[in-house]
Amino acid sequence: MLKYVESMVTFSEFPDEVSLCINISQCPCACTGCHSSYLAEDIGEPLYIETLYALIDKNEGITCVGFMGGDSEPKYVNTLAKAVKQTYDIKVGWYSGRSHLSPDIDLVNFDYIKLGPYKEEYGPLNSKTTNQIMLEIDNSCGKPITKDITSKFWK
């Protein structure tokens, strides 16, 4: 079961979005220099669909829900994303620390996906030397089309 530690509304994790970002624990990636290394621990409360709905409902005005982690259970992240898409008219994003997209993820359920472990020598997503990539997913044509929008984070 996925557990979340906290949630916060942010303006920078997904371009041009007011995002409810949910920090998910039990991260298996163990990236050296991770700014949220405490999320590797088994801490927090279970993130049930009902819990997710309650978080969304109490944060009026958001345009996106972001799952920050969840690499231990990508199939459940996909289930949560699908539930959001079926219930709300908002976008969904996922920050994965993996280099490749899990086969358990259906792009139809997402608008943004960040892939890549944090590597200190390359810097975070807002560095032009980053190894991470932010994808925008366009589902308007019946088949998901991905576009690399990483450069939107560069200063």
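Refer to the structure presented above.
Below: a short report on this structure. (Residues numbered from 1 in each chain as written. Predicted model: local features only at pLDDT ≥ 70, side-chain atom pairs only at ≥ 80, totals over all residues. Heavy atoms only, no water.)

As for the environment of Cys31
So, point 1. Here Cys31 lies in the loop between strand E2 (19-24) and strand E3 (45-46).
So, point 2. Separated by 14 residues in sequence, Cys31 and Glu17 place their C-alpha atoms 26 Å apart.
So, point 3. Other than its neighbours up to four places away in sequence, Cys31 contacts Pro117 and Tyr118. (Helix = DSSP H or I, 4+ residues; strand = E, 2+ residues; numbered from the N terminus. Contact = heavy atoms within 4.5 Å.)

Focus on the nonpolar core
So, point 1. Ile22, Leu47, Leu52, Ile56, Val65, Phe67 and Phe110 are the most contacted members of the largest nonpolar core, which totals 27 residues.
So, point 2. In terms of residue count, the dominant contributor to this core is helix H2 (residues 74-87) (five residues).
So, point 3. In this structure, Phe14, Cys21, Tyr95 and Ile149 belong to the second largest nonpolar core, which totals ten residues. (Core = buried A, V, L, I, M, F, W, Y, C linked by side-chain atoms within 4.5 Å. Buried < 20%, exposed > 50% of the residue type's maximum accessible area, 1.4 Å probe, protein only.)

Section: the pattern of salt bridges
So, point 1. Under the definition given, this model contains three salt bridges.
So, point 2. Measuring nitrogen to oxygen at the nearest pair gives 3.1 Å for the salt bridge that ties Glu17 to Lys91. Of the two residues, Glu17 is situated in the loop between strand E1 (3-10) and E2 and Lys91 in strand E5 (residues 91-95); the sequence distance between them amounts to 74 residues.
So, point 3. Given a relative accessible area of 33%, Lys91 falls into the partly exposed group.
So, point 4. Between Lys85 and Asp111 there is a salt bridge, and its shortest N-O distance comes to 2.5 Å. Placement of the pair is Lys85 in helix H2 and Asp111 in the loop between E5 and strand E6 (112-115), with a sequence separation of 26 residues.
So, point 5. According to the relative accessible area criterion, Asp111 is buried, its value standing at 12%. (Salt bridge = Lys/Arg side-chain N within 4 Å of Asp/Glu carboxyl O.)

Overview of the side chain of Glu17
So, point 1. Accessibility expressed as a relative area gives 7% for Glu17, which makes it buried.
So, point 2. A distance of 3.1 Å separates the side chain of Glu17 from the side chain of Lys91, its partner in a polar contact.
So, point 3. Ignoring sequence-local partners within four residues, the contact set of Glu17 consists of Thr10, Phe11, Thr63, Cys64, Lys91 and Tyr112. (Polar contact = N/O pair within 3.5 Å; in protein donor to acceptor, adjacent residues only side chain to side chain.)

A look at the packing of aromatic side chains
So, point 1. Scanning the model with the defined rule gives four aromatic pairs in all.
So, point 2. Judged by centre distance (5.4 Å) and plane angle (80 degrees), the ring pair of Phe14 and Tyr95 falls under edge-to-face. Separated by 81 residues along the polypeptide, Phe14 in the loop between E1 and E2 and Tyr95 in strand E5 bring together distant segments of the chain.
So, point 3. A relative accessible area of 14% places Tyr95 in the buried class.
So, point 4. An aromatic cluster of at least three residues, connected via ring pairs, comprises Phe14, Tyr95 and Tyr112. (Phe/Tyr/Trp six-rings, centres within 6.5 Å; stacked < 30°, edge-to-face > 60°.)

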